[in-house]
Amino acid sequence: KQTEMRELSRLMKASPNEWNMDIEWDDIAEKYAQTIKRTQEIARNAGVLSAGAKLNQDIADLINKCRSAEFQIAVVGVIKAGKSMLLNALIGLELAPVGLNSKTAALTKFRSSNKGNYVHVRFYSKAEWDNLKDSASRSRKELSAEGESSLEKRLSEKSVLDAAKKWIGHGDITETYSDLMGFQEGIKRWTAADSDDHLFAAEVEVGIDKKLFNMPEEVVFVDTPGLHDPVKYRSKITEDYIGNANAVLVAVKPDALGEEAYKTVTTVLDYAGSNRKKVYIIGTQQDKLEKKADYEQLIDGEDGWIQRLTESGHYKDRRAASAQIFTVSAK
């Protein structure tokens, strides 16, 4: 955070020592942020900077990080690797939906709350909804080949079309809960794949009473959509978020670094760029390994995780790779 504040200070031609680090954001910082945004707009209008240039996103990410004191931990997972179970274990409560209907379609943020339990939902705008539908239409063939139901078909159902009239473009809502069971059901309503309502949620924030989850409010665990979701709009949410997160936990099965797991891990490392130390590879089902020798062989043996990731060039040596790999039993 201090590094990012120094970088923003450099852009402002001010000394980092002039910043009061106790102040997250003030009127002066906002003034310079708006100046940067106007400069971007002038550059785009002059044809010097294209609207889709990565620099635009980098600047937006920097300003957002400096405006917020959040430390965001993204949880990315291979299908059936126990991503949601790992998240629940970290939180200490069964809040993220698990099982057949646990497939995440939007960013779901979990944080400690001084205001009791709540679920805050941001809905898709009309433009975002149209982009999602277009992406779902283009993914139809890929989904059919995998034997999955088409999202395009589901979005065309009458009940969904009727609900879309209410929720698309709707203002944010916040629901509060006094009992844990109602809280769990509220989270499922906006995040579980078998709920129609979850289709309209672009982002969900779950605040957990500090008595249940005693963590600094600035620490946020983020459940992400699948990286290789056939609906590209959803997978791009995760791709974009990886670079912005402060840390990334990649949940994989520990029994073997199969091709799907390998593809997920290396994709995350590629999107993390030069900051690969923020990526931690987590084998989530250590309890399924029969003995310690099996674990050692899978991680450090011939054609094990360390060897494959080192030979692919994602880590400079075996020691660097080993430092980022852990196995746990989320159960």
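In this text the structure is predicted, and so the values were computed from the model without any measurement. (Residues numbered from 1 in each chain as written. Predicted model: local features only at pLDDT ≥ 70, side-chain atom pairs only at ≥ 80, totals over all residues. Heavy atoms only, no water.)

A.B. asks: How should I be thinking about the overall build of the protein chain in this particular structure?
C.D. replies: For the protein chain, the count of helices and strands is 14 helices and nine strands. For the protein chain, with 331 residues in total, the buried portion stands at 47%. A sequence separation of at least 24 residues applies to 74% of the contacts in the protein chain between residues at least 6 apart. Accessible surface, the protein chain as shown: approximately 17900 Å² in total, 50% of it carbon and sulfur. (Helix = DSSP H or I, 4+ residues; strand = E, 2+ residues; numbered from the N terminus. Buried < 20%, exposed > 50% of the residue type's maximum accessible area, 1.4 Å probe, protein only. Contact = heavy atoms within 4.5 Å. Areas by Shrake-Rupley, 256 points an atom, 1.4 Å probe, with all protein chains shown as cover.)

A.B. asks: Sorry if this is basic, but what is going on with the pattern of salt bridges here?
C.D. replies: Think of it this way: side chains of opposite charge can pair up when their charged atoms draw near. One pass over the full model with this rule turns up 14 salt bridges. Among the ionic pairs, Glu 70 bridges to Arg 111, the shortest N-O distance being 2.9 Å. Of this pair, Glu 70 sits in the loop between helix 3 (54-67) and strand 1 (71-77) while Arg 111 is found in strand 2 (residues 107-113), placing the two residues 41 residues apart along the sequence. We classify Glu 70 as buried; its relative accessible area is 18%. The residue Asp 223 makes a salt bridge to Lys 83 at a minimum N-O spacing of 2.9 Å. In this pair, Asp 223 is assigned in strand 6 (residues 219-223) and Lys 83 in helix 4 (residues 83-91), connecting sequence segments 140 residues apart. Here Asp 223 and Lys 83 have matching classes, each one buried. When salt bridges with common partners are traced through the structure, they connect Glu 70, Arg 111 and Glu 205 into a single cluster. (Salt bridge = Lys/Arg side-chain N within 4 Å of Asp/Glu carboxyl O.)

A.B. asks: So what exactly am I meant to see when it comes to the packing of helix 5 (residues 126-138) against helix 10 (residues 232-244) here?
C.D. replies: At a closest axis distance of 8 Å, the pairing of helix 5 and helix 10 adopts a crossing angle of 115°. Of the residues in helix 10, those touching helix 5 at Glu 128, Asn 131, Leu 132 and Ser 135 are Lys 232, Tyr 233 and Arg 234. Split into classes, the residues belonging to the contact of helix 5 with helix 10 amount to two nonpolar, two polar and three charged. (Axes fitted to C-alpha atoms, helices over the stretch in contact; angles between N-to-C directions. Nonpolar A, V, L, I, M, F, W, Y, C, P; charged D, E, K, R; others polar.)

A.B. asks: I would appreciate a short explanation of helix 11 (residues 259-272) in the present structure.
C.D. replies: Because the α-helix completes a turn every 3.6 residues, residues three or four places apart line up on one side. Between its first and last C-alpha, helix 11 extends 20 Å over 14 residues, near the 20 Å set by a 1.5 Å rise per residue. Within the span of helix 11, buried status applies to Ala 261, Tyr 262, Thr 264, Val 265, Thr 266, Thr 267, Val 268, Leu 269 and Ala 272. The elements touched by buried residues of helix 11 are strand 1, helix 10, strand 7 (247-252), strand 8 (279-283) and helix 13 (305-311). Positive phi shows up at Gly 273, right after helix 11, with a value of about 65°. (Expected span 1.5 Å × (residues − 1).)

A.B. asks: Help me out: how do you make sense of the packing of helix 10 against helix 11 in this one?
C.D. replies: The description of two packed helices rests on the angle between their axes and on the distance between the axes. Two elements in contact, helix 10 and helix 11, have axes whose closest approach is 8 Å; the angle formed by their N-to-C orientations is 55°. Judged by the inter-axis angle, helix 10 sits oblique to helix 11. You can see that helix 10 and helix 11 cross each other, and the crossing is right-handed. Across from Glu 239, Ile 242 and Gly 243 in helix 10, the residues of helix 11 making contact are Val 268, Tyr 271 and Ala 272. Partitioning the contact of helix 10 with helix 11 into residue classes produces four nonpolar, one polar and one charged. (Parallel < 35°, antiparallel > 145°, perpendicular 65-115°, else oblique. Left-handed = near helix turned anticlockwise from the far one by under 90°.)

A.B. asks: Is there a simple way to think about the side chain of Thr 238 in this case?
C.D. replies: Relative to the helices and strands, Thr 238 is located in helix 10. The exposure class of Thr 238 is buried, given its relative accessible area of 0%.

A.B. asks: I tried to follow a positive patch on the surface on my own but got confused; where do I start?
C.D. replies: Together, Lys 80, Lys 253, Lys 288 and Lys 331 line one region of the surface with positive charge. Looking at the secondary structure, you find Lys 253 in the loop between strand 7 and helix 11. (Patch = residues over 30% accessible without salt bridge, like charges linked within 9 Å, V, L, I, M, F, W, Y side chains within 5 Å. Lys, Arg positive; Asp, Glu negative; His and termini not counted. Charge placed at Lys NZ, Arg CZ, Asp CG, Glu CD.)

A.B. asks: Where do I start with the sheet that holds strand 9 (residues 325-327) in this structure?
C.D. replies: Backbone-to-backbone hydrogen bonds pair the strands of a sheet. The strands run either parallel or antiparallel. Pairing is mixed across the open sheet formed by nine strands, whose spatial order is 4-3-5-2-6-1-7-8-9. Either end of the sheet is taken by a strand with one partner, and the two such strands are strand 4 (173-177) and strand 9. Ignoring which end each strand starts from, the neighbouring axes of this sheet average 20° apart. (Pairing = 2+ DSSP bridges.)

A.B. asks: In this structure, what is going on with the packing of aromatic side chains? I would like to understand it.
C.D. replies: Here the distance between the centres and the angle between the planes together describe a pair of aromatic rings. Per the stated rule, a full pass over the model turns up nine aromatic pairs. Consider the rings of Phe 123 and Trp 190, whose centres lie 5.4 Å apart with planes at 80°: the pair is edge-to-face. Here Trp 190 lies in helix 9 (residues 180-191) and Phe 123 lies in strand 3 (residues 117-123), a separation of 67 residues in the sequence. In this structure Phe 123 comes out as buried when scored by relative accessible area, which is 4%. Plain terms: the ring middles of Tyr 280 and Phe 326 are 6.2 Å apart, the flat faces sit at 45° to each other, and that makes the pair tilted. In this pair, Tyr 280 sits in strand 8 while Phe 326 sits in strand 9, placing the two residues 46 residues apart along the sequence. For Phe 326, a relative accessible area of 39% translates into the label partly exposed. Ring-pair connections join several aromatic residues into one group, and the members of that group are Tyr 124, Trp 129, Phe 200 and Tyr 233. For the cation-ring pair, Lys 31 lies above Tyr 32, with the distance from its terminal atom to the ring centre recorded as 5.9 Å. (Phe/Tyr/Trp six-rings, centres within 6.5 Å; stacked < 30°, edge-to-face > 60°. Lys NZ or Arg CZ within 6 Å of the ring centre and 35° of its normal.)

A.B. asks: Quick question: what am I supposed to make of the pairing of strand 4 here?
C.D. replies: As a general feature of sheets, a regular strand has side chains that alternate between the two faces. The two faces of strand 4 differ: Ile 173, Glu 175 and Tyr 177 on one face are buried, but Thr 174 and Thr 176 on the other face are not. As paired elements, strand 3 and strand 4 share five bridges and run antiparallel to each other. Bridge assignment links Tyr 118 to a residue of strand 4, and that residue is Thr 176.

A.B. asks: So what exactly am I meant to see when it comes to the confidence of the model for the protein chain here?
C.D. replies: In low-pLDDT segments, the atomic positions of the prediction should not be examined closely. On average, residues of the protein chain carry a pLDDT of 81, and 81% of them reach 70 or more. Note on residues 14-22: pLDDT is under 50 here. Beyond four places in sequence and across chains, it has nine contacts. For the stretch residues 144-148, pLDDT sits under 50, and the model shows three contacts to residues farther than four places along the chain or on other chains. (pLDDT = per-residue confidence, 0-100.)

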